[in-house]
Amino acid sequence: MPGASLSRWTLTYFACALVCLLVAESLMVMGFGYPGAAIDAPETLILVHLVAIGWLSLLMCGALFQFVPVLVARPLLGEALPPVALAAILLGLLALLAGFAGLSDLIAVPPEMLPLGGLLLVAGFGAVMLSLGRTLWAARPLALPARFVVVGLAALLGTVLLGETFALVLSGRLGGDMALSLLLNGVPLHALLGLGGWMTFTAMGVSYRLLAMFMLAPETERYSTRLVLAAGTLALVLVAAATPFAMSAGAGLAGLLLAAAATGLLAMGVYASDVVALYRQRKRRNIELNAVAAIGAFAALLASAMLLVALLATGQLQTRIGALTYVFAFGWLGGLGLAKLYKIIAFLTWLECFAPVLGKRQTPRVQDLVDEPRAAPWFGAYYAAVGFATLCLLVDLPTAFRLFVGMQLFATLAIARHFYRSRELLNVPPELRRGFARPHPFLPPARKVP
Amino acid sequence: MNDLELDVRPILRHGGEPFGAIMGAVARLAKGQRLKLYATFKPEPLFHVMASQGFKNEAIPLEDGEWMVIFAPIDGERVAAVESVESQAASPETWPDPAHYLDCAELDPPEPMVRILAQLEIMADGEVLFALLGREPIFLFPELRARGHAWAGDFDETGEAYRLMIRAGGRS
């Protein structure tokens with residue numbers, strides 16, 4: 001049975017993700033965590049995991065539940081899993097954040113809170129991997145974009161397992177020299193597998209298909225895309241292979257990570273040329289806001305790569321890792337997420353509301369659900385704020401940093417309001433909207449959409 | 001066996017749509033017979049339609065930009081996978097020839113879906129629509145199923161165009 005249905009829980013994932021982003025940005029405006037606190041302080045860890053799990057991972061999971069079936073042209077297997085996974089991830093995240101808060105005596109919680117949160121996260125992301133993995137497995141042989149997702153899911157598995165190991169060590173449940181050494185040396189591996197493998201690699205794969213689809217660019221499988229897949233996978237394998245060195249505090253760790261950085265940069269460079277080719281070869285002259293706003297994210301990816309090279313060359317990577325992570329997480333991953341959400345929310349809402357009556361009565365177009373001229377400046381403001389906030393981190397201006405994060409928060413709120421207006425059909429002319437029920441902002445329809 | 005000749009140049013010169021006439025001629029073809037078609041331009045969209053029906057083509061340019069195309073049946077042509085609701089599980093070979101044609105190859109989603117569903121609404125039950133798309137219309141299929149239409153579709157040899165035949169079914 002070919003074809004894909006609407007993913008029922010995707011909008012719920014998106015709503016939870018946006019709430020986490022707004023909370024994280026608010027905390028930073030208030031001066032919580034880095035740069036006010038140390039980069040490895042529990043407060044900073046709260047921020048980092050709120051962004052990485054709450055915002056970026058929930059966003060990615062929600063998107064994948066919809067787009068893996070589209071990528072492989074088959075329905076999602078394990079349809080009952082998405083809500084279970086969401087509940088487990090949210091509970092796990094709360095427990096994890098509470099555990100971090102306990103580490104810095106912000107609140108009194110038993111030390112087991114950290115590994116408990118980690119276990120819930122393993123269960124939640126395990127359910128995600130099970131559902132998506134079965135769907136992908138059943139669709140072999142896979143097209144290139146889907147293979148990126150497979151590698152991304154493997155990186156996710158590595159990330160959560162490393163994370164849970166850290167949690168066990170921190171709570172005193174797991175001891176010994178090797179475990180301690182892994183905690184002291186392995187954090188970069190955890191971060192690289194998460195941000196670089198799971199999120200970036202998956203986002204790259206999905207972006208190939210989405211950009212081609214909505215800009216009408218040819219979707220032929222390029223040799224260069226194979227190169228991105230191969231080099232990127234190699235970089236991630238190198239990172240994973242560094243784990244034993246981290247456990248034994250071996251001298252090979254730095255060398256492996258440097259090799260991973262080199263192959264990772266190669267993958268990014270070829271990916272950038274692929275993206276430029278997709279934009280150049282598009283048949284659609286006037287591109288929509290989601291594709292315009294995504295350019296900001298690609299610029300942030302390029303800026304991150306250049307900053308990484310500069311920091312490596314000047315030996316400042318350790319001291320400026322916060323700025324690099326900031327522009328990578330909020331500019332590249334967050335920017336791409338917000339830009340694509342602008343299209344995805346409108347598209348899914350349009351399908352949910354109007355597909356059943358297409359041809360039977362007059363319906364609005366997808367573009368009637370959005371108000372691009374009003375939304376566009378907010379994306380500009382968002383990227384500008386991320387750029388300036390990163391600069392402030394580079395030159396140690398903590399107060400100015402908070403100011404620009406405030407601007408970023410304001411822009412995010414404005415973009416979220418546009419999401420809401422598009423979801424609730426508020427931009428649709430009243431005469432076209434008449435007779436249609438407004439969908440729930442973030443819960444699935446009561447009746448299953450065919 | 002003589003080729004069946006069809007000249008659609010007069011229809012085209014009067015601004016008409018020759019698709020019905022061509023499909024009518026295809027329906028009259030005897031087993032193994034070839035169709036010799038005359039047109040005022042190279043009818044490339046038709047090549048996809050005919051390929052989906054198991055014909056290869058040979059296009060020969062004439063004077064003044066006109067073309068003669070010979071469609072010859074291919075033996076043992078692969079039959080596209082058929083999807084349909086239970087009661088209509090008939091193979092597309094038994095369907096009537098397409099009476100309507102939509103070229104959606106240059107449209108971005110969801111416009112092909114919008115046009116195809118709108119076209120199906122004004123078609124009589126049992127009539128067949130042929131649509132050419134740039135990609136597999138994944139969100140269209142559940143809607144076709146819900147409305148009781150039967151369809152068969154596949155990618156062309158290059159993988160760049162998706163060919164879709166839909167037989168209008170009973171209204172649900």
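Residues numbered from 1 in each chain as written. Chains lettered and ligands numbered in written order. Predicted model: local features only at pLDDT ≥ 70, side-chain atom pairs only at ≥ 80, totals over all residues. Heavy atoms only, no water.

Visitor: In this structure, what is going on with the overall build of chain A? I would like to understand it.
Guide: Check the secondary structure of chain A and you find 15 helices and zero strands. Compactness check: chain A gives a C-alpha radius of gyration of 21 Å against a globular reference of 22 Å for 450 residues, within 12% of the reference. The dimensions of chain A, computed from C-alpha atoms along their principal axes, are 70 × 50 × 45 Å. Counting every position in chain A, which comprises 450 residues, the buried fraction comes to 57%. When contacts within chain A are restricted to residue pairs at least 6 apart in sequence, long-range pairs at least 24 apart make up 79% of them. As displayed, chain A offers around 18,200 Å² of accessible surface, 70% of which is attributable to carbon and sulfur atoms. Side chains of chain A carry 30 positive and 19 negative charges; the gap between the two charge centres is 13 Å. (Helix = DSSP H or I, 4+ residues; strand = E, 2+ residues; numbered from the N terminus. Rg over C-alpha atoms; globule rule 2.2 N^0.38 Å. Buried < 20%, exposed > 50% of the residue type's maximum accessible area, 1.4 Å probe, protein only. Contact = heavy atoms within 4.5 Å. Areas by Shrake-Rupley, 256 points an atom, 1.4 Å probe, with all protein chains shown as cover. Lys, Arg positive; Asp, Glu negative; His and termini not counted. Charge placed at Lys NZ, Arg CZ, Asp CG, Glu CD.)

Visitor: Help me understand the overall build of chain B, please; the structure alone is not making it clear to me.
Guide: Of the regular secondary structure elements, chain B holds five helices and nine strands. Listed N to C, the secondary structure of chain B is β-α-α-β-α-β-β-β-β-α-β-α-β-β in terms of helices and strands. By residue count, 49% of the 172 residues in chain B fall in the buried class. In chain B, of all internal contacts separated by at least 6 residues, the share reaching a separation of at least 24 is 66%. Surface exposure of chain B reaches about 8,200 Å², of which carbon and sulfur atoms provide 51%.

Visitor: Could you clarify how one ought to interpret the pairing of strand β4 (residues 67-73) of chain B in this entry?
Guide: The side chains of a regular strand alternate between the sheet's two faces. Residues and elements named next belong to chain B. In terms of burial, β4 is largely enclosed, as six of its seven residues are buried. Summarising the sheet, strand β2 (residues 35-39) and β4 pair through five bridges and their orientation is antiparallel. What sits directly across from Lys36, in β4, is Ile70. In terms of strand pairing, strand β3 (residues 55-61) meets β4 through seven bridges, oriented antiparallel. Residue pairing across strands places Ala59 opposite Val69, the latter belonging to β4. (Pairing = 2+ DSSP bridges.)

Visitor: Help me out: how do you make sense of unusual backbone geometry in this one?
Guide: Negative phi characterises most residues that are not glycine, and trans characterises most peptide bonds. With omega at -5°, the peptide bond leading from A:Arg140 into A:Pro141 counts as cis. Considering the arrangement of structural elements, one finds A:Pro141 in the loop between α4 (113-138) and α5 (144-170). Across the junction of B:Pro109 and B:Pro110, the peptide omega takes the value 5°, indicating a cis bond. Position of B:Pro110 relative to the elements: it lies in the loop between β6 (100-104) and α4 (111-121). Located in the positive-phi region is A:Asp396, a residue other than glycine, with phi close to 55°. Its place among the elements puts A:Asp396 in the loop between α13 (372-394) and α14 (398-423).

Visitor: Would you mind going over the confidence of the model for chain A with me for this structure?
Guide: Should pLDDT be low for a region, the predicted coordinates there are not to be read in detail. Across chain A, the average pLDDT comes to 93, with 98% of residues at 70 or higher. Mean pLDDT across the secondary structure elements of chain A bottoms out at helix α15 (residues 430-433) of chain A, with 88, and peaks at α13(A), with 98. (pLDDT = per-residue confidence, 0-100.)

Visitor: Looking at this structure, how should I read the interface of chain A and chain B?
Guide: The extent of an interface is frequently quoted as the accessible surface area lost upon association of the parts. At the interface, 28 residues of chain A touch 23 residues of chain B. Both faces considered, chain A and chain B share a buried interface measuring about 2,200 Å² in area, 66% of it formed by carbon and sulfur atoms. For the interface between chain A and chain B, the tally reads two salt bridges. Its salt-bridge partner being B:Glu106, residue A:Lys283 comes within 3.3 Å of it at the nearest N-O pair. Between chain A and chain B we count five residue pairs in polar contact (both at pLDDT 80 or more) in total. Mapped onto the side of chain A that touches chain B, the elements with two or more residues apiece are α2 (42-72), α7 (187-215) and α12 (317-354) of chain A. Here the residues of the side of chain A that touches chain B are counted per class, giving 18 nonpolar, five polar and five charged. (Buried area = accessible area lost by both parts, 1.4 Å probe. Salt bridge = Lys/Arg side-chain N within 4 Å of Asp/Glu carboxyl O. Polar contact = N/O pair within 3.5 Å; in protein donor to acceptor, adjacent residues only side chain to side chain. Nonpolar A, V, L, I, M, F, W, Y, C, P; charged D, E, K, R; others polar.)

Visitor: Help me out: how do you make sense of the pairing of strand β7 (residues 128-133) of chain B in this one?
Guide: All names here are of chain B. By the criterion of burial, β7 is predominantly enclosed, with six of the six residues buried. Bridge count between β7 and strand β9 (residues 162-167): six bridges; the pairing is antiparallel. Residue pairing across strands places Leu132 opposite Arg163, the latter belonging to β9.

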